[in-house]
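# Fold and geometry: a report
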Amino acid sequence: MAEITTVPLTTSNNANLGVPQKTIEETYQKKSQLEHILLRPDTYIGSIEKHTQNLWVYEDDKIVHRQVNYVPGLYKIFDEILVNAADNKQRDPTMDSMKVVIDVENNFISVYNNGDGVPVEIHKEEGVYVPELIFGHLLTSSNYDDTVKKTTGGRNGYGAKLTNIFSTEFVIETADGKRRKKYKQVFSNNMGKKSEPSITKCKEGENWTKVSFKPDLAKFNMAMLEDDVVALMKKRVMTWLAVLERL
């Protein structure tokens, strides 16, 4: 019969080893949604580290396939705004213009479309203007109705807010031709601060939306919008323009 020998466990004392003891509050923490997104970005936008991959990009007026170094998370926040603009074509078939500006020198990106503007109206249940609700409040979406077929866009209520959160500055501008109102609001500090909405008049039938933002490059361990990610963004724009032309 095998003999089992028991040996008493030695209890280590972290305090004696010079390891500081954590309080209950330090051990168990609760984060807000915004804090959690910034703390665990990979859960929401993908990796914030640089990846090397063979991909199609647009450069020198043509699409080429080559090795690129890019940060998936940065590409994701750009794509969220681009898809949001393209999705407007589904809601308004008369939309015939989408313009994208990528200003590397000033770390500035803007996406414009001339489809139906965002309703410039107070949301009765939430008590804020609809543009602020869409672009500055988490878990808000117009795509929650699963009985409606969607060909583009997200459905989880993050979308453009992720771009806002990972930007040092984020500006939403829209013209609502139905209500004859033009809306502008500026968010900053990773969606931590917001200006009061600026509401002016516009002409009846004037409809467009423009989203401008400055990516918080420090969160992607970058100092500037690098050539590879810009070439990748441009290719994505060209792809969407081709899709929209067929709709």
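Residues numbered from 1 in each chain as written. Predicted model: local features only at pLDDT ≥ 70, side-chain atom pairs only at ≥ 80, totals over all residues. Heavy atoms only, no water.

Per an unreviewed UniProt entry, the protein is named DNA topoisomerase (ATP-hydrolyzing), and its organism is Hevea brasiliensis. In UniProt, the protein has this text filed under Catalytic activity (unreviewed entry): "ATP-dependent breakage, passage and rejoining of double-stranded DNA." (UniProt positions renumbered as here; feature names shortened; annotations may be inferred.)

## Considering the overall build of the protein
Assigned secondary structure in the protein consists of seven helices and nine strands. A total of 247 residues make up the protein; the buried ones form 37% of that total. The contacts in the protein between residues at least 6 apart in sequence include a share of 61% that link residues at least 24 apart. (Helix = DSSP H or I, 4+ residues; strand = E, 2+ residues; numbered from the N terminus. Buried < 20%, exposed > 50% of the residue type's maximum accessible area, 1.4 Å probe, protein only. Contact = heavy atoms within 4.5 Å.)

## A short note on the packing of aromatic side chains
As enumerated under the stated definition, the model contains six aromatic pairs in all. Measuring from ring centre to ring centre gives 6.0 Å for F166 and F220, while their planes differ by 45 degrees; the resulting arrangement is tilted. A residue pair is termed long-range when its members are at least 10 positions apart, and F166 in the loop between α6 (160-165) and β5 (167-176) and F220 in the loop between β9 (208-215) and α7 (227-246) qualify at 54 residues. Given the relative accessible area of 1%, F166 is considered buried. By relative accessible area, F220 is classed as buried at 1%. (Phe/Tyr/Trp six-rings, centres within 6.5 Å; stacked < 30°, edge-to-face > 60°.)

## Description of the nonpolar core
Counting residues in each nonpolar core, the largest one holds 48 residues, and the members touching the most others are L74, F213 and F220. Those residues in contact with F220 that sit more than four places away from it in its chain are I45, I48, V71, G73, L74, I77 and F166. (Core = buried A, V, L, I, M, F, W, Y, C linked by side-chain atoms within 4.5 Å.)

## Section: the pattern of salt bridges
Using the criterion set out here, one finds ten salt bridges in the structure. Put simply, D176 and R179 hold a salt bridge, and the shortest N to O gap is 2.9 Å. (Salt bridge = Lys/Arg side-chain N within 4 Å of Asp/Glu carboxyl O.)

## A closer look at unusual backbone geometry
Even without a glycine there, the phi angle at R180 is positive, about 60 degrees. With respect to the helices and strands, R180 occurs in the loop between β5 and β6 (181-188). Despite not being glycine, N221 shows a phi value in the positive range, around 55 degrees. As for its placement among the helices and strands, N221 is situated in the loop between β9 and α7. Residue classification places N221 among the exposed positions, given a relative accessible area of 53%.

## Side note on the packing of helix α4 (residues 72-91) against α7
Orientation of α4 relative to α7, taken along the N-to-C sense of each, is 15 degrees, at an axis distance of 11 Å. Classed by the angle they form, the pair α4 and α7 counts as roughly parallel. Note on packing geometry: the crossing formed by α4 with α7 is right-handed. Here L74, Y75, F78, D79, L82, V83, A86 and K89 of α4 come into contact with α7, specifically with V229, L232, M233, R236, V237, W240 and L244. Tallied by class, residues from the contact of α4 with α7 come to twelve nonpolar, no polar and three charged. (Axes fitted to C-alpha atoms, helices over the stretch in contact; angles between N-to-C directions. Parallel < 35°, antiparallel > 145°, perpendicular 65-115°, else oblique. Left-handed = near helix turned anticlockwise from the far one by under 90°. Nonpolar A, V, L, I, M, F, W, Y, C, P; charged D, E, K, R; others polar.)

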